[in-house]
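Tertiary structure, described
Listed below, chain by chain, are the residues.
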Amino acid sequence: MEKEVHEQYEYARRRLRQKKILYFHFVLFLLGSLFLFIANKFFGFGDGTTQNWCIWGITIWLFLFILHFIKVYITDRFMNKKWEREQIDRLVALQQKRISQLESSINEEHENKI
């Protein structure tokens, strides 16, 4: 029982850390986007270019943030330790079923030869 409680605590701690890092990434994204926009519009960085480089930078950063969000809230939420255990148990059961089928077919062949 103590092992299960410890595993639940570790899982909760890891999830909390993931969410904390995601929130930090979001705040960093907002501040960084604001900085890029101000640098482009008010300080004249990139005046020689015809493209709006800060929009490209913000868009790429937003895409990376969305990937991070998907990892934390979708992928890791469903594919956790419990999911891993269920998959392992399912595969072990399939292997045991296959082994029992092979053993029964070997026994049948052996009985037919005798």
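Provided above is the structure to which this section pertains.
Figured I'd write up the structure that's included with this text. These figures come from a predicted structure and were not determined experimentally.

1. Looking at the pattern of salt bridges
- Applying the stated criterion to the full structure yields three salt bridges.
- Where R85 meets E7, a salt bridge forms, and the shortest distance between an N and an O atom there is 2.7 Å. In this pair, R85 is assigned in helix α3 (residues 81-113) and E7 in helix α1 (residues 2-41), connecting sequence segments 78 residues apart.
- R85 sits in the partly exposed class, given a relative accessible area of 44%.
- Its relative accessible area of 33% is what places E7 among the partly exposed residues.
- The salt bridge involving R13 is made with E10; its shortest N-O contact spans 2.7 Å. Here R13 pairs with E10, and both are found in helix α1, just three residues apart, close to one helical turn.
- On the basis of relative accessibility, which here comes to 45%, the residue R13 falls in the partly exposed class.

2. Digging into a nonpolar patch on the surface
- Side chains of I60, L62, F63, L64, I66, L67, F69, I70, I74, F78, M79 and W83 sit close together on the surface and give an oily, nonpolar patch of about 1100 Å² of accessible area.
- The greatest single-element share of the nonpolar patch, amounting to 10 residues, is contributed by helix α2 (residues 53-78).
- In this fold, L62 is placed in helix α2.

3. Quick notes on the packing of α1 against α2
- Two numbers describe how α1 lies on α2: the axes approach to 10 Å, and their chain directions differ by 170°. If you check the angle between α1 and α2, you find them roughly antiparallel.
- Residues belonging to the contact of α1 with α2 are distributed by class as follows: 19 nonpolar, six polar and five charged.

4. Thoughts on the packing of aromatic side chains
- Following the criterion strictly, the structure yields four aromatic pairs and no others.
- Aromatic pair F29 and F65: ring centres 6.1 Å apart, planes at 5°, arrangement stacked. Here the residue F29 occupies a position in helix α1, and F65 occupies one in helix α2, the gap between them amounting to 36 residues.
- Accessibility expressed as a relative area gives 8% for F29, which makes it buried.
- Between the aromatic rings of F69 and Y73, the centroid separation amounts to 5.0 Å while the plane-to-plane angle is 35°, which identifies the pairing as tilted. Note that F69 and Y73 are positioned in helix α2 at a spacing of four residues, about one turn of the helix.
- Accessibility expressed as a relative area gives 38% for F69, which makes it partly exposed.
- What links up through ring pairs into an aromatic cluster is the set F26, F29, W61 and F65.

5. Some remarks on α2
- Between its first and last C-alpha atoms α2 spans 37 Å; for 26 residues at 1.5 Å apiece the expected length is 38 Å, and the two agree.
- The sharpest bend along α2 comes to roughly 40°, located at K71.
- Residues of α2 that are buried: C54, I58, F65, H68, V72 and D76.
- On its buried side, α2 packs onto α1.

Procedures and definitions
- Residues numbered from 1 in each chain as written.
- Predicted model: local features only at pLDDT ≥ 70, side-chain atom pairs only at ≥ 80, totals over all residues.
- Heavy atoms only, no water.
- Salt bridge = Lys/Arg side-chain N within 4 Å of Asp/Glu carboxyl O.
- Helix = DSSP H or I, 4+ residues; strand = E, 2+ residues; numbered from the N terminus.
- Buried < 20%, exposed > 50% of the residue type's maximum accessible area, 1.4 Å probe, protein only.
- Patch = residues over 30% accessible without salt bridge, like charges linked within 9 Å, V, L, I, M, F, W, Y side chains within 5 Å.
- Areas by Shrake-Rupley, 256 points an atom, 1.4 Å probe, with all protein chains shown as cover.
- Axes fitted to C-alpha atoms, helices over the stretch in contact; angles between N-to-C directions.
- Parallel < 35°, antiparallel > 145°, perpendicular 65-115°, else oblique.
- Nonpolar A, V, L, I, M, F, W, Y, C, P; charged D, E, K, R; others polar.
- Phe/Tyr/Trp six-rings, centres within 6.5 Å; stacked < 30°, edge-to-face > 60°.
- Expected span 1.5 Å × (residues − 1).
- Bend = angle between axes of the 7 residues up to and from the residue.
- Contact = heavy atoms within 4.5 Å.

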